[in-house]
Amino acid sequence: MGLGVRWTLHGDGRTPAPGAVVRPDERLSWPRTAGLGAQHVVAMFGASFVAPVLMGLDPNLAIMMSGVATMIFLLATRGKVPSYLGCSLSFVGVAAAIRASGGDSATVTGAVLVVAAVLFLAGLVVRKFGARVIHAAMPPVVTGAVVMLIGFNLAPVTATTYWPQDQWTALLVMLFTGLAVVCLRGFLSRIAIFLGLVFGYLLSWVLDLVFGKIHSPAGGAEAVDHWRLDLSAVGQADWIGLPSFHAPSFEWSAILVALPVVIALIAENAGHVKAVGEMTGDDLDDKLGTAIAADGAASVLSTAVGGPPNTTYSENIGVMAATRVYSTAAYWAAACFALLFGLCPKFGAVVAAIPGGVLGGITVILYGMIGLLGAQIWTNAKVDLRNPLNLVPAAAGIIIGVGGVSLKITDNFELGGIALGTLVVITGYHVLRAFAPAHLKSDAPLLDAGTSAYDEKDPLSGEDGKTDGK
């Protein structure tokens, strides 16, 4: 079996015929393929370099390892699942919680490495037993609730850390980004977060020129006079050089905080594989376990050298949908571009200089969108929240996760926030289901046929969503 690195030329290699698609094992001419790869890099940029900044990790290393992770994923899936693996935003809340309890970057990457290893093992289990094992242990009501509490748990980070640094810039960036998401069309709407960052960057520079320094908190608790946009580190940075590596360290308290995120990563990968299968017309259910395991293996490698974890990126699905080019050659080109960016410390310094107020405006939308992905999972799976079997564990877990409720077990061990909320959702659902009367369990089967069986009707067209392998 090949590794999926040989492609046949599509047509004349220039422009696909009207209505035609460029399949994963096809490519356009190499210059056009390189251009599409650059487009994929821009699409993933907004979230993929914001995430390491929010986690306190090196953005240069994050971009470099995203390229490595993408290569690993493409090789593992034999070029059947076109995808870009960028830095996962699901861990931002985990990183904030670990740092708040005294952990450093090594503690963060150590905890995430364990999660990545668990994700890899979960992928092997899915390869062995099929997608139904995921839905048995984590039905949509559970995955939706966990994704929701992970996203909304981040709200205090925006409110207390970023927004107060420059509230008016944050407000304007929030409004600009919201307009970009809603009003722009096609590819531009897919990079709305990136455009919001560029707008905020330029706005902060102009405000510094016009009004001078601002008196506000700048990463600390006390207000001081400081420039909104400090580019001093950019001038000192080299053009070419290696990013900063560090070894992970492992603490049980940090690992327990991070472990629930594996549920969100499994849900993300399942959704991505399903979406790509529907676009390409290929039945990819048998690739789900491989995709999950590949994501886990790539994230283990990234975190082992001090980088962030990775996950499949929906932004790049949007690029494929807009261009109708599903060639994995374009993703190889994107991965190579990411490696080159990672070797430019000056690029990392520019990213690290993003003003706190700009991040405040971006994260208001970004964190909310992460949380509401949980609601989208419920909607797509037609979860009935009128059923107390679904409502009670989800409601309790979300409030615990969002409110930061904690449970002190010993003097040195405490469960709280994301970890406790996830535990309540998962165990609560299955325990209540074991004791619930039959009529509460009859609205939907616990085991289903797999990822493709969730959406019986397309929510927009009303047509049958099953593809029958096409």
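Predicted, not measured: the structure shown is a model, and the values here were computed from it. (Residues numbered from 1 in each chain as written. Predicted model: local features only at pLDDT ≥ 70, side-chain atom pairs only at ≥ 80, totals over all residues. Heavy atoms only, no water.)

**Some points on the overall build of the protein**
Reasoning step 1: Looking only at helices and strands, the protein features 20 helices and eight strands.
Reasoning step 2: The buried share among the 470 residues of the protein stands at 51%.
Reasoning step 3: Across the protein, the fraction of contacts at a sequence separation of at least 24, relative to all contacts at a separation of at least 6, is 77%.
Reasoning step 4: In the form shown here, the protein has an accessible surface area of approximately 20,700 Å², with 65% of it arising from carbon and sulfur atoms. (Helix = DSSP H or I, 4+ residues; strand = E, 2+ residues; numbered from the N terminus. Buried < 20%, exposed > 50% of the residue type's maximum accessible area, 1.4 Å probe, protein only. Contact = heavy atoms within 4.5 Å. Areas by Shrake-Rupley, 256 points an atom, 1.4 Å probe, with all protein chains shown as cover.)

**Digging into a nonpolar patch on the surface**
Reasoning step 1: A surface patch of nonpolar side chains, amounting to about 550 Å² of accessible area, comprises Trp205, Val206, Leu209, Val210 and Phe211.
Reasoning step 2: Tracing the chain through its elements places Val206 in helix α10 (residues 192-211). (Patch = residues over 30% accessible without salt bridge, like charges linked within 9 Å, V, L, I, M, F, W, Y side chains within 5 Å. Salt bridge = Lys/Arg side-chain N within 4 Å of Asp/Glu carboxyl O.)

**Observations concerning the nonpolar core**
Reasoning step 1: In terms of nonpolar packing, the biggest core is built from 99 residues, with Met55, Leu197, Ile266, Leu288, Ile354, Tyr367 and Trp378 touching the most fellow members.
Reasoning step 2: The element contributing the most residues to this core is helix α13 (residues 261-280), with nine residues.
Reasoning step 3: Contacts of Ile354, omitting those with residues within four sequence positions, involve Phe49, Leu197, Tyr201 and Leu359.
Reasoning step 4: Val22, Leu28, Leu36 and Ala330 belong to the second-largest nonpolar core, a separate cluster that totals five residues. (Core = buried A, V, L, I, M, F, W, Y, C linked by side-chain atoms within 4.5 Å.)

**Description of the packing of helix α4 (residues 105-129) against α13**
Reasoning step 1: At a minimum axis distance of 10 Å, the contact between α4 and α13 shows a crossing angle of 45°. Overall, the two elements α4 and α13 adopt an arrangement that is oblique. Both α4 and α13 take part in a crossing whose hand is right-handed. Touching Val115, Val118, Leu119 and Ala122 of α4 are Val262, Leu265 and Ile266, all from α13.
Reasoning step 2: Each residue belonging to the contact of α4 with α13 can be placed in one class, and the counts come to seven nonpolar, no polar and no charged. (Axes fitted to C-alpha atoms, helices over the stretch in contact; angles between N-to-C directions. Parallel < 35°, antiparallel > 145°, perpendicular 65-115°, else oblique. Left-handed = near helix turned anticlockwise from the far one by under 90°. Nonpolar A, V, L, I, M, F, W, Y, C, P; charged D, E, K, R; others polar.)

**Concerning the packing of aromatic side chains**
Reasoning step 1: Enumeration over the complete set of coordinates arrives at two aromatic pairs.
Reasoning step 2: Judged by centre distance (4.2 Å) and plane angle (5°), the ring pair of Phe176 and Phe199 falls under stacked. Remark: Phe199 occurs in helix α10 and Phe176 occurs in helix α8 (residues 167-183); sequence separation between them is 23 residues.
Reasoning step 3: Looking at Lys346, its charged tip hangs above the ring of Trp239, at a distance of 5.1 Å from the centre. (Phe/Tyr/Trp six-rings, centres within 6.5 Å; stacked < 30°, edge-to-face > 60°. Lys NZ or Arg CZ within 6 Å of the ring centre and 35° of its normal.)

**Remarks on the packing of helix α2 (residues 59-76) against helix α17 (residues 345-352)**
Reasoning step 1: Across the interface, α2 lies against α17 with an axial gap of 8 Å and an inter-helix angle of 115°. Contacts between α2 and α17 involve Pro59, Asn60 and Ile63 on the former and, on the latter, Pro345, Phe347, Gly348, Ala349 and Val351.
Reasoning step 2: Residue classes in the contact of α2 with α17 are distributed as six nonpolar, two polar and no charged.

**Re the confidence of the model for the protein**
For residues with low pLDDT, the predicted coordinates do not support detailed interpretation.
Reasoning step 1: Mean pLDDT over the protein stands at 80; residues scoring 70 or higher make up 87%.
Reasoning step 2: Long-range and interchain partners of residues 445-470, a stretch whose pLDDT sits below 50, account for 49 contacts in this model, where long-range means more than four residues apart. (pLDDT = per-residue confidence, 0-100.)

**Observations regarding α10**
Reasoning step 1: Taking 1.5 Å per residue, 20 residues should reach 28 Å; α10 reaches 27 Å between its end C-alpha atoms and fits that length.
Reasoning step 2: Those residues of α10 lying buried are Ala192, Ile193, Gly196, Leu197, Gly200, Tyr201, Leu203, Ser204, Leu207 and Asp208.
Reasoning step 3: At the exit of α10 stands Gly212, carrying a positive phi of roughly 80°. (Expected span 1.5 Å × (residues − 1).)

**Comments concerning the environment of Thr379**
Reasoning step 1: When you line up the elements, Thr379 lands in helix α18 (residues 356-381).
Reasoning step 2: A relative accessible area of 56% means that Thr379 is categorised as exposed.
Reasoning step 3: In sequence terms Thr379 and Val141 are 238 residues apart; their C-alpha atoms lie 9.8 Å from each other.

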